[in-house]
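The chain contents come next:
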Amino acid sequence: MVGWVSKSIVAMTIRMPRWFVGWVSRRYVAGPDIENAVEIMKRLSKEDACFTVDVLGEEISSIEEAQFFIDEYMKVIEAITANNLDANLSIKPTAFGLLIDEQIGMDNIEKLVRTAHTHNLFVRLDMEDHRVTTSTIQAVINLHKRGLTNVGTVLQGRLFRTLDDINELETELGPNADYRICKCIYLEPEDIAFTSYRDIVDSTNACIDRMLAAGSYCSIASHDIPVIEYAKSALEGYGMGPNIPDPRSNAGPQRDAKGPGYEFQMLLGVRGPLRRKLAKAGHRTRVYVPYGEKWYEYSIRRLQENPTLGKQYAKAFLMPWTNRP
Ligand code: FAD
C-alpha cells in the first residue's frame, strides 16, 4: 500500500500544480521568507531545540546568481542576531558557484563565513552529490587554514570514501574537525556507494565511531533508530552524554552554542516525538530549518533525485504515528 501510494505521490507531484506540491512539502519547509523561519524557530525553542537555517536553492546556472544567496544569508545572520536565536547556518556550496568556478565559489563562501565569524556563528557546508565531495571538503580545509574555524562539513555514510575523508580531515584540522554525519540523500552510483539499507547504516555507524575516536565534534543527523541507538551507545563508551563536559583527552575545543562534543540533528517536520524525547533526556537537538522562495523547485528536484522520499511522505500521511512533526 505504502509503495503504491509513494509511487503515485512522486508521479503526481512532478505533474501537479504548485498548490499540491506546497501541500506535500509545507511541513518540511518553513515558508518563503526568513520571517517564517524565525517564527518556527521561536516556537520550537520551547521544545529545547536549536537550529540550523538553510536558504532553499542549489546549483546555480550563472555565477551572478550566487549574489542572491550571499544577500539572503546576510539577512539570516541579522535575523538570528536580532532575535537572539540559538541557530547557525547551513549552506549548499553549489549555490555559491562551486560547480561553475571553483575559485569564485570558494571566495563567495569565504565572504559569508567571515561575516558569520564576526557574529560568532557557525556555518555548515551541506554535502551535495559526489561531483562536489572533494571540493567541499577542500573548501573547509582552506577556510580553517585562514583562521576561520567556525565552519565544518557534512560527510555521508553511503559513500565508500568517507572513512578516508575523516582521516584526511583529522590530519588537516586536528581537534577542530566538526562534522555532520548523515546517510546521504543522493542515490549515488554503486561503484562509489553502498546501496543496501544495512550497509548504509553500518557504514554511517562506523563513521560515527571514527569521528568520536578522533576527538571531533560529531553531529548525528538521522531519524533512524538503529543509527541513533548506535550513536547513544558509542557516546556512552566514551563517557560522553548530556550535560557532561566532553571527557575525551583528544577532544576539540568546546564551542559556544554547541553540545558537549556531539549533538543530534533532525529535519523540520520529521519525527518530532523522537527529537523531543532526545531533548528531554538532555541531548542537544538541532532542527534543520529550510525556507525560501525556491521551495517548489527544491521539492520537485529532491523527489526526482530520490523517489524513495515519496515513500517517506506516503508513510507520514498514511501512518502518521510513524512520523509526527
Ligand atoms: P531513514 O531510514 O531514511 O529514515 C528513518 C525514518 O525517518 C523513516 O522511516 C521516516 O519515518 C522518517 N523520515 C526520514 N526522512 C524523512 C522525510 N524526509 N520525510 C518524512 N519522514 C522521514 N543528506 C545529504 O546528502 N547531505 C546533507 O548535507 C544532509 N544534511 C542533513 C541534515 C539533517 C539535519 C538531516 C536530518 C539529514 C540530512 N541529510 C543530508 C539527509 C540524510 O542523508 C538522509 O537522506 C535522511 O535524513 C534520511 O535518512 P535517515 O538517517 O533519517 O534514515
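Everything below is about the structure printed above this text.
The model shown is predicted, which means the values in this text are computed figures rather than measured ones.

### A short note on the packing of aromatic side chains
Given two aromatic rings, one states the distance between the centres and the angle between the planes to describe the pair. Taken as a whole and assessed by the stated rule, the structure comprises 6 aromatic pairs. Between Phe 68 and Phe 69, the ring centres sit 5.0 Å apart and the planes meet at 85 degrees, which makes this aromatic pair edge-to-face. Its relative accessible area of 36% is what places Phe 68 among the partly exposed residues. Its relative accessible area of 3% is what places Phe 69 among the buried residues. When the ring of Tyr 262 is compared with that of Phe 264, the centres are 6.0 Å apart and the planes differ by 80 degrees; the resulting orientation is edge-to-face. Taking relative accessible area as the criterion, Tyr 262 reaches 0% and is therefore assigned buried. Linked through ring pairs, Phe 68, Phe 69, Tyr 73 and Phe 96 together constitute an aromatic cluster. Sitting over the ring of Phe 68, Lys 294 keeps its end group 5.3 Å from the ring centre.

### Structural notes on the pattern of salt bridges
By the definition in use, this model includes 22 salt bridges. The structure contains a network of salt bridges with shared partners spanning Asp 54, Lys 92, Asp 126 and Arg 180.

### Focus on the sheet that holds strand S5 (residues 178-182)
Read around the barrel, 8 strands follow the order S1-S2-S3-S4-S5-S6-S7-S8 and close on themselves; strand pairing throughout is parallel. For this sheet, the mean inter-axis angle between neighbouring strands, taken without regard to orientation, is 30 degrees. Packing of helix H7 (residues 162-173) onto the sheet brings it into contact with strand S4 (151-156) and S5, and relative to S4 it is tilted by some 160 degrees.

### A closer look at the pairing of strand S2 (residues 87-91)
Most of S2 is tucked away, with 5 of its 5 residues classed as buried. Residue alternation in S2 divides its side chains into two sets, Ala 87, Leu 89 and Ile 91 and Asn 88 and Ser 90, and both sets are buried. Bridge count between strand S1 (residues 49-55) and S2: 4 bridges; the pairing is parallel. Across the sheet, the residue bridging to Val 53 is Leu 89, located in S2. In terms of handedness, the path from S1 via helix H4 (residues 66-82) over to S2 forms a crossover that is right-handed. Pairing geometry for S2 and strand S3 (residues 123-125), over 3 bridges, is parallel. For Ser 90, the partnering residue across the bridge sits in S3 and is Arg 124.

Calculation criteria
- Residues numbered from 1 in each chain as written.
- Predicted model: local features only at pLDDT ≥ 70, side-chain atom pairs only at ≥ 80, totals over all residues.
- Heavy atoms only, no water.
- Phe/Tyr/Trp six-rings, centres within 6.5 Å; stacked < 30°, edge-to-face > 60°.
- Buried < 20%, exposed > 50% of the residue type's maximum accessible area, 1.4 Å probe, protein only.
- Lys NZ or Arg CZ within 6 Å of the ring centre and 35° of its normal.
- Salt bridge = Lys/Arg side-chain N within 4 Å of Asp/Glu carboxyl O.
- Pairing = 2+ DSSP bridges.
- Helix = DSSP H or I, 4+ residues; strand = E, 2+ residues; numbered from the N terminus.
- Axes fitted to C-alpha atoms, helices over the stretch in contact; angles between N-to-C directions.
- Contact = heavy atoms within 4.5 Å.
- Right-handed = clockwise from strand over helix to strand, strands pointing away.

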